[in-house]
Structures are given as C-alpha cells and as structure tokens.
Amino acid sequence: MSCLLPLICCALMIVSFVLTLVICFQITMKTTTYGLFRLCKIHHAFPSSIDLMHGFSLGSITTYGTIIPQSPSVEIGKEFTATCVLYTAAKATAEDIYWKLKNVTVPKEQYTKINDSAVSVTITITNETANWLLCEKKGSPLNRNQVIHGILLTKGYPPEKPVNLSCMAVQSGQKISSNVTCTWQPGTRDEILKTTYTLFGSLIVSNKSSKAHRSSGYIDFGTFPSFMQLAMWVEVENKLGKVRSDILDIYAADLVKTNPPSDVNILSENNFSRTLLVSWKHPIHVTYVTLKYNIRFCTVGSGDWTEVPPNDTESYKESFRLQYLKPDTEYVVQVRCIHHMGYGYWSDWSANSTARTPEDKPTSKPDLWRVIIPSQVKSERRVQVMCKDPVESNGRIQGYSIKIQDGNWETVAVNDSDLDSRSQERKIIPLYQIPWSDKRRGLIELKAWNSVGESPQASLVIPKLTQEPPSVEWLSWFTQQGRLWVKWQPPNVTATGEPYRSEVTEYILEWVSVSDGAMDWQRERRHTRTAAIKGNLQKFNRYNISVYPMYSGWTGKPLTIAAFLEQGAPLEGPSVKVRRTGKNDAELEWMEIPLDKQRGFITNYTIFFITGGKEHSIVVSTDTYSYTVKRMASNSKYVVRVMASTVQGSTNSSDLSFNTLMYAPGQIEAIVVAVCISFLFSVVLTMLFCIYKMDSIKKKIWPPVPDPSNSTIAKWSPDFTSKADIPKESALGDVSIVEVDVFDRKSLCEEDKAGLPLKKDKYLSEEHSSGIGGSSCLSSPHQSVSDSDEGGDEGQTTASTVQYSSVVASCGYKGQTPCPLPQSGSSQTPSFTRSESTQPLLDSEEHPEGPESQRYLRNPYFGRLPGGNNGDSGDLEDLNQMEMKKQGLALRRFCPLEEDFQQTTPTEEGQSPDGQPGPDPSYMPQLSGYRPQC
C-alpha cells in the first residue's frame, strides 16, 4: 500500500495538468477581438468599468460586435468614419449604441444609423483627439454600460515631396568614384508616422535603388557611367501614402568633382619686382576629365582676394605668371579646377602657397608733417619735424635725407622701420625739433631711400605766423558703422597777392588722443569733404581732431574739434566739497572729471540733496563747477551728491554730509552788537533816570537820619545856648549813656544797676527805647534789652545804633519841676532813661505846633563826641559834668521809675500830680520809647 500512494498522487497531478491544457486551448480558440480588446483595456487601466461577465464562461469568451475598420492610421486635419456592427449576443439595437473617445462621449449629431444593428460615426482628427475610439451599449439601471468594441487610432501626416535634388560623383584616387551621392530637402512637418526614403537611379541598361536617410543617400553603379545619361529620384512612403520627387535627368559629366590641383609652387624672380610665377600639377588624367583652372591671390593677412580672369587660364596648363604686383610684398596664392566645358563642380581651392616679390626703389613721397610746440621764448616756436614711410616704399626704408631752407642735406638713419606690404599702419618717425621764429618762413625737404634707391622728394612750407593761409569754414563729426567720420567746409579763398596759391591742393586730418597724447594724421584729396578716420581709434577715448587745408605745400590754419568714436558713462563722478555753508543755503563746488575718465561729452550735472528722507535735485549746465543751493532749512543735516551725465549714461559722486548753520554769518555778531547797544542805552537811560530822581532814590535807599541837634528835644528848655556854641558834629562821637549820682555826682546808675533788676523782654526794650529822642533810664553803651531779646539782629548793632538823648538826672532838667523824692525807707533808687531809637522823629516833634514851640531851640547837649559808645563810666561822668558846667544849669529831679516799670497815668498838660499847675509842662506820655515824666 505504501508503494501505491505515490503512484496515485502522480496520476492525479497528470490528470490535472491535462485538464488545464484543454481549458487553455478552448479559451485560446474562442478568444475574439473583443476579448483581446478587453484584455488590452484592462492592461492599460481604462477608467471606465467594463462588465464582460455576461456570456463569459470558463471555457469561452462571447463577443457582442465589432468596429470597421480595425485600428486604422488617420490623417490629422481630415474626417474619419467608423462603423459599429452588433452581434446577436449583444441583445441590443442601434438605438442602444453610443460612441466615446476615451472618456468623452461623441455627440449624437455625428451618428449615422445604417440599420438596426449598425451605427457609424464621423469625427475630425486633430492633435488633441484621443487615440481610443469605443463603441458601447447602454446598460440597465442595475447594470453598467458595456463596451461592444474599441479601436486604436494612429494619427499622422502623409509624406511630403522632397525638393532640390542634386547629385555628385567625386574623385577617388586617379579616377571618378562609382558612388553617386545625392542630397535633397525633405518636408518641413514632423514625421509622426514611420517614414521610409528610397533613392532610385536609372540608366539605359539598368535601374538601381537603395535605402536612404532623411535628406541624403547614394547609389553604387559599380563603374562610373561616363558619357551616359542618368535619371535620379527619391520616393518617400508611410502608412498614409507615398510620394516621389521630381526626376533629375543629368549627364554623367555634370556629376564630376575632381580634387584640387596639387604641388602648387610660387617662384620670385629678382629682376621682376612686380611678378610671381605660379605652377601646379593636374589632379586627374586627361582621359577621364579635361580641366581648366582658376587662380586667386592676396597679400598676407588682408583676406581681400583677387581672382585672375578665367579667360587667361582656360587652357589645359600647369603654370601662370601673376603680374602688376607690389614690390617687396608677400602674397598668398590658391588654385582650383573644373571640367573644361564647365560641366560638374569646381574643385576645392588648393592649400595656401606664399612668396614675396623682390624690392624696388620707393615710388611715392614720404609723408612729411610737423607739429608746432609753444615755446617759452617770446616770438618763437619750436617745430617738431616728423614723417611716415612712403605708401609705396617698395622695400624696407633704411634712412631719410632732410634739408631745411638753404642748408645742406642731412641723413637720418632709421633702424626700426618695419614698413612692408604686410603692415597697413606706418610708424611715425621723429626727425628734428628746431626753434623757429614767428617771423621766419622756411622750406623743409625730405627724401626716403631703401636698398634699391631714393624716393621722390616731399616738401613742406612753414609760413610766418602772420602769413598763415585761412582755415576751413566749419568742422563737424559723426559716427557710422563703427567708424569716426569728419566733415568740413572748404575755406573761402580768392586769388590774392599772397606768396601761397589760393587753391587748396589737399587736406590733412590730424587727431590727438587726450588720454596719452598719441597722434597721427592722414591725407585727403582736394575735392574731399567727408572722410573716415583710418587710424586705430579706441572707444570711450577723447580725440582732438584738426583739419589743415594745404596750399601747394603751405600749411593753413587748423580748425579743431573734440570727438569720440563711442561714448559711455563716466568712469567716476565729480569730486564734491562744500565751499561755504549758511543758514539757509550752501555753496557746493566740484572738480571737473579728468578727460580720460569722462568717456564722453558731459551733457549736464545733477545735484541731489537729501534731508528728512526727501530727495531734491537741480540740473546745471556743463560749464558750471559750483552752485549755491538755496531755500534750505537751518540747523539741518544734508546729504549731497553730484551726478555727471553723458548721452550714454550717468555716474554719481560719493555722498557728502554737512549741516546748515543755526545762524547766518554775521547774525550772531549783529545780535551781540544789538544787545550791547541796547544794554548801553539802558544803562545810559538808567543813569539819566537816577540823576533825575537822585533825591527820591536816595531817600528810598538811604533814608535820612535826623540830626539830634535839630531834634525838638533841644527845644525843651527855653534857656539854651546859641547855635554858635554847639560843637561841631565831627568833634563829637555818638552819645553814650552817662550815669551820674545826684548826690555826690558819682555814678548813680551803677548803684541803680545793682538795685534795679531788668526784665529782658521785648516789651521792656520797647518801653526803654524812644523813637523821638526822649530820655530813658537804664541806658547802657551796650546793646539794648530788646536787641538782646531779638537774638542779636545782624542788621542793627550797637555800632549802628543812633543815640538820640543825653544824660538826664532825676533832679529835673532845664528848669522843669522835679518830682518829689521818694519816701524814706524806700528801696527804690533814682534811675535814668535813654533812647536807642534809630527812627526819625515824628513830624509833631520836628515841628511842634503852638506858640510854645517857638521857645524850644536847638539844644547843644545832643552833639556827638568822638569815640562813639565805647567810653567807660568815668568818661560818661566827665561828659555830664562838662555839659552842666557849660550850660550853667542846676540839676533838677525827675520822677524815679517804679520797680516793676509800670507806666504812670498821664495827667493833664501843665499840672502836677496834686492837681496844681506846674511851672513847666512835662513831655507827653507815650506808649513806648519815652518814659512818663513829672
């Protein structure tokens, strides 16, 4: 049993394999175009869902219809019609069919119903038309639409006809090649479809063809068909059609192109300075092709070829002599050939062959010129004589012979002259620089010589400064095709008796580079009015161009103009500086840009100034190099720059910052002067006012201090001394307090000080002070009690205190009735009063009213003593005694003060305390100052 199990498994595998093969075969046999389309559509991942399960079984695939034609190639721009035919299995009619281009449904208007089972559609093919055209059947609401069939559209264009067909047979070795190569111009449209090209060649005896490229091909005839007629054409074919070019009927000789001549040589002969002998060899034997030749030549480096006339080289020859060449000039020669009858094609030019013609003596004059250099010597010029080699020097110039006026010929050797036919530019050779007087006229003659001989003689006349012929009328310039042109008007001259001829023979154009001073000149014919500068001019470089009219060797006055071959923006901007700043303006100054950096004519300058983020500009002319900008804000910062402009661009200078002034120049000085003048004027007015109001001002500032001698206290006694007895104020100092004992004439006040306590308060000070000169006790040469209580007022000290009163005793004064003595046993002692008031007396005191006032005259006792208030008690005593002796008066007793310093009740004027009238009235009682008197 174990052996049978593997056999059974193998048998089952074999049966399964056989069944699989049978099913695959049935599927393969029954697969239709629809089934293949279905597989292709699934492979290409069409977005629409196609339900092919209806009628599909494991062993077969059911088809529902087809489209005619199958996968066609269609032409872009043309209409295309396709027909969808339904099969019975489709179970649909023509009404159920609709067409789609990929996912876009074709409108019903483009459908055509052929019968119940066939519908056609017509569409226009464009580049945007989809490649897939589908025929579909409408499905039921429960089923999706079904694809009946689909075709792939291959779009493209039919082939275009080739044009300009030409063919050629080239030389191969010593004979003509059997391959005939043709070229043509294909169509201009893109070849979307695959296209083939075929080249055909037809002879009388046979036809040849070969596949070709798009624009060229060849046919191998085996042997070149010499002396035979050929027909050549091209056919182009693709799926949309086939087209053929025009047939080229050509004689075989017309197809031939030989190699160029070989071994080209040039021979220079010493005795023939203007000829060269050219030789060559035939490229092919005459039995194949009989040839004729063509020769061309040019100087080395020029590229300007000159061809020998064809008639001179028509014959079958191998050499030719070139004539009328320039001596001592190197030439390049080339040769080519063609069929002697003109058939076929010219061969390529041979390789270059060069040779130099022999030298000959110069045949033209040297180009003589001069430059006038200003001299520091008065009435004298310096003449720089220079020249260029003759145009036809015919060899290397070895030196010059020069003669000035009637002098001898002098030789100037030249070792660095490099003029030959290879050079188009001639070096300027300086010869002499000689001083020349303004009043001198001279002739300069010059000849050049080489190894063969001398050149013709050139002459130049340098006239007197006052005899220079006139210049041209006007001069202008312009640029054209990269060259600088000069145009001028001839001078207006008539026949005169001047030594020079009045007719202009030629013109000399001279140009000088401003940047490096290099100069050159050229000559123009007498009838020329416009000429191009032939020198090597540089772009953006300034040149001074002068035109000199020449009068048979006499040099006329020049007319000069500045010009540029090409202009550009300046290389740098102007150099700007602030020359002056003001309050509302600023003067800017800039330097002219150096000429070699201008690169053109300056058309204008533009000044830009910026402040507060705002930019302003001012345009000025080219001849302006300083400008005052006005209407500027004072005490403000400005940033300025200057832009120089040409016709081709502009360049800015660097920015420059500055500040305007707060005050205009001189404004501060004016303000200071005005203030000083105003101050002086005020001082003068103040002084005048002070002088005018001196008394009032004096009273305000320094109040008047009354003279105690003029006080009414001096009028208390009717018996006073005369004014003449009053000592001078200067003889006495300030009156101090004098203390006198009424009994023994000793210091009574000293004893009072011991027995009379003082109450140091302000009230006491006021009670003991008098503002009108009254007497008071407790007088002291020191500060008053009030002064001590006030804390020692700095403004009012003892030294500045004015003492009004003198010493008075309690025993009466000036005839006044003394008060009764105190009772016995009383402890009260006599005292004195004083006044320390600095105030002026009251008007009632200065001028008492009533008749009694007339009797109070000035009292001489109130004069000042020298020494002020600094005397001791002894001096005070002596003073009191002296005063009493002088007056001869008896002391009278006054009422003593109460111990508590209470004021006494004033009585009626002229009465005693007992009511009886007294002999003399006492002083009026007061609130403060004077103490009550009896």
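Sequence order as written defines residue numbering, which begins from 1 separately in each chain. Owing to the predicted nature of the model, reporting of local features is limited to residues with pLDDT of at least 70; listing and counting of side-chain atom pairs is limited to 80 or more, with chain, interface and lining totals taken over all residues. Working from all heavy atoms in the structure, the side-chain values ignore hydrogens and water.

## Some remarks on the overall build of the chain
Working definition: helices are DSSP H or I runs of at least four residues, strands are E runs of at least two. Numbering for both runs from the N terminus. What the chain contains, in helices and strands, is 10 helices and 53 strands. Only protein chains enter the area calculation, which uses a 1.4 Å probe; residues under 20% of their type maximum are buried, those over 50% are exposed, and those in between are partly exposed. In the chain, buried positions account for 40% of the 934 residues. If you take every contact in the chain between residues at least 6 apart in sequence, the share linking residues at least 24 apart comes to 68%. Carbon and sulfur atoms provide 53% of the accessible area of the chain, an area that totals close to 52,000 Å². Note on contacts: a residue pair qualifies if any of its non-hydrogen atoms lie within 4.5 Å across the two residues. To be clear on the numbers: accessible area is Shrake-Rupley with a 1.4 Å probe, and residue cover counts the displayed protein chains and nothing else.

## Considerations on the state of the cysteines
Throughout, a disulfide means two cysteine sulfur atoms within 2.5 Å of one another. Counted according to the given criterion, the structure contains two disulfides. For Cys-84, the disulfide goes to Cys-135, at an S-S distance of 2.0 Å. In this structure the cystine formed by Cys-84 and Cys-135 twists about its S-S bond by roughly -80°; its chirality is therefore left-handed. Note that Cys-84 is positioned in strand S3 (residues 79-86) and Cys-135 in strand S8 (residues 132-137), a separation of 51 residues in sequence.

## Re the packing of aromatic side chains
Here is the rule: rings of Phe, Tyr and Trp (six-membered ring for Trp) pair when centre to centre is within 6.5 Å. Planes less than 30 degrees apart are stacked, more than 60 are edge-to-face, and the remainder are tilted. Taken as a whole and assessed by the stated rule, the structure comprises 13 aromatic pairs. Between Phe-478 and Trp-485, the ring centres sit 6.3 Å apart and the planes meet at 5°, which makes this aromatic pair stacked. For Trp-485, a relative accessible area of 24% translates into the label partly exposed. Grouped by ring-pair contacts, the aromatic residues Trp-477, Phe-564 and Phe-601 constitute a single cluster.

## Side note on the UniProt feature "transmembrane region" (unreviewed entry) in the chain
Under the local residue numbering, the UniProt record ascribes the feature "transmembrane region" (unreviewed entry) to residues 670-692. Split by type, residues 670-692 is 100% helix and 0% strand. Its first and last C-alpha atoms lie 32 Å apart. UniProt positions are given in the numbering used here, feature names are shortened, and annotations may be inferred rather than shown by experiment.

## A few points about the confidence of the model for the chain
Each residue gets a pLDDT score, which is the predictor's confidence in that residue and runs from 0 to 100. The predicted model of the chain averages 75 in pLDDT, with 67% of residues at 70 or higher. Across the chain, strand S39 (residues 530-532) holds the top mean pLDDT of 95, while helix H2 (residues 33-43) sits lowest at 36. Between residues 25-60, whose pLDDT stays under 50, and residues either more than four places distant or in other chains, the model counts 50 contacts. Here residues 417-422 scores under 50 on pLDDT; set against residues more than four positions off or in separate chains, the count is 21 contacts.

## A few points about the sheet that holds strand S4 (residues 97-101)
Taking strand neighbours across the sheet as the criterion, the four strands line up as S5-S4-S8-S9 in an open arrangement whose pairing is antiparallel. Only two strands of the sheet have a single neighbouring strand rather than two, namely strand S5 (104-105) and strand S9 (146-152). Pairing of S4 with S5 involves two bridges; the strand directions are antiparallel. Considered in S5, the bridge of Leu-101 is made with Val-104. Two strands are said to pair when DSSP picks up at least two bridges between them.

## Some words on the environment of Gly-222
Among the secondary structure elements, Gly-222 is positioned in the loop between strand S16 (216-220) and strand S17 (229-238). C-alpha of Gly-222 to C-alpha of Ser-177: the two residues are 45 residues apart in sequence and 8.9 Å apart in space.

## Observations regarding the side chain of Asn-238
In this fold, Asn-238 is placed in strand S17. Judged by its relative accessible area of 9%, Asn-238 is buried. Each polar contact in these results corresponds to two N or O atoms within 3.5 Å; when the atoms are within protein, one needs to be able to donate a hydrogen and the other to accept it, and residues that are neighboring in sequence are counted only if both atoms are side-chain atoms. A polar contact of 2.8 Å, which involves the side chain of Asn-238, links it to the backbone oxygen of Tyr-157. Not counting the four nearest positions on each side in its chain, Asn-238 is found in contact with Tyr-157, Pro-158, Pro-159, Leu-193, Lys-194 and Thr-195.

## Details of unusual backbone geometry
A cis amide bond links Ile-68 to the next residue, Pro-69, at an omega of 0°. Along the chain, Pro-69 falls in the loop between strand S1 (65-68) and strand S2 (73-75). Despite not being glycine, Asn-164 shows a phi value in the positive range, around 55°. Given the relative accessible area of 59%, Asn-164 is considered exposed. With phi around 50°, Asp-328 is a residue other than glycine that occupies positive phi space. Among the secondary structure elements, Asp-328 is positioned in the loop between strand S25 (319-322) and strand S26 (330-339). Note on Asp-328: relative accessible area 9%, which makes it buried.

## As for the pairing of strand S35 (residues 475-480)
Bridging between S35 and strand S36 (residues 483-488) involves six bridges; their strand directions are antiparallel. Residue pairing across strands places Leu-475 opposite Trp-488, the latter belonging to S36. Between S35 and S36, which pair antiparallel one after the other, the connecting turn spans two residues, and Gln-481 there sits at a positive phi close to 55°.

## Considerations on the pattern of salt bridges
What counts as a salt bridge is simple: a side-chain nitrogen of Lys or Arg found within 4 Å of a carboxyl oxygen of Asp or Glu. For the structure shown, the criterion picks out 23 salt bridges. Notably, a salt bridge pairs Arg-321 with Glu-269, separated by 2.2 Å at the nearest N-O pair. Residue Arg-321 is found in strand S25, and its partner Glu-269 is found in the loop between strand S21 (262-268) and strand S22 (276-281); the two are separated by 52 residues along the sequence. Note that Asp-328 is salt-bridged to Arg-356, the shortest N-O span being 3.3 Å. Of this pair, Asp-328 sits in the loop between S25 and S26 while Arg-356 sits in strand S27 (residues 353-356), placing them 28 residues apart in sequence. Residues joined by salt bridges that share partners form a network here, namely Arg-579, Arg-580, Asp-585 and Glu-587.

## So, the sheet that holds strand S32 (residues 428-437)
The three strands lie next to each other as S28-S29-S32, forming an open sheet whose pairing is antiparallel. For this open sheet the edge positions go to strand S28 (367-374) and S32, each flanked by a neighbour on one side alone. This sheet shows a mean twist of 25° between the axes of neighbouring strands, independent of strand direction. Where S28 lies against strand S29 (residues 380-388), eight bridges are found, and the strand directions are antiparallel. Bridge pairing in S29 places Pro-374 opposite Arg-381. Axis lines are fitted to C-alpha atoms, over the contacting stretch for helices. Their N-to-C directions set the angle, which ranges from 0 to 180 degrees.

## A closer look at the environment of Pro-72
For Pro-72, the position within the fold is in the loop between S1 and S2. When the C-alpha atoms of Pro-72 and Lys-239 are compared, they prove to be 9.3 Å apart, with 167 residues separating the residues in sequence. Not counting residues up to four positions away in its chain, the partners in contact with Pro-72 are Phe-80, Ile-151, Leu-152, Leu-153 and Thr-154.

## Quick notes on a nonpolar patch on the surface
The patches described consist of residues with a relative accessible area above 30% and no salt bridge, like charges being joined within 9 Å and nonpolar side chains (Val, Leu, Ile, Met, Phe, Trp, Tyr) within 5 Å. A surface patch of nonpolar side chains, about 540 Å² in accessible area, is lined by Met-662, Tyr-663, Ile-668, Ile-671, Val-672 and Val-675. Topologically, Tyr-663 is positioned in the loop between strand S50 (656-659) and helix H4 (667-692).

## A short note on the side chain of Ser-350
Along the chain, Ser-350 turns up in the loop between S26 and S27. Residue Ser-350 is classed as buried on the basis of its relative accessible area, which comes to 6%.

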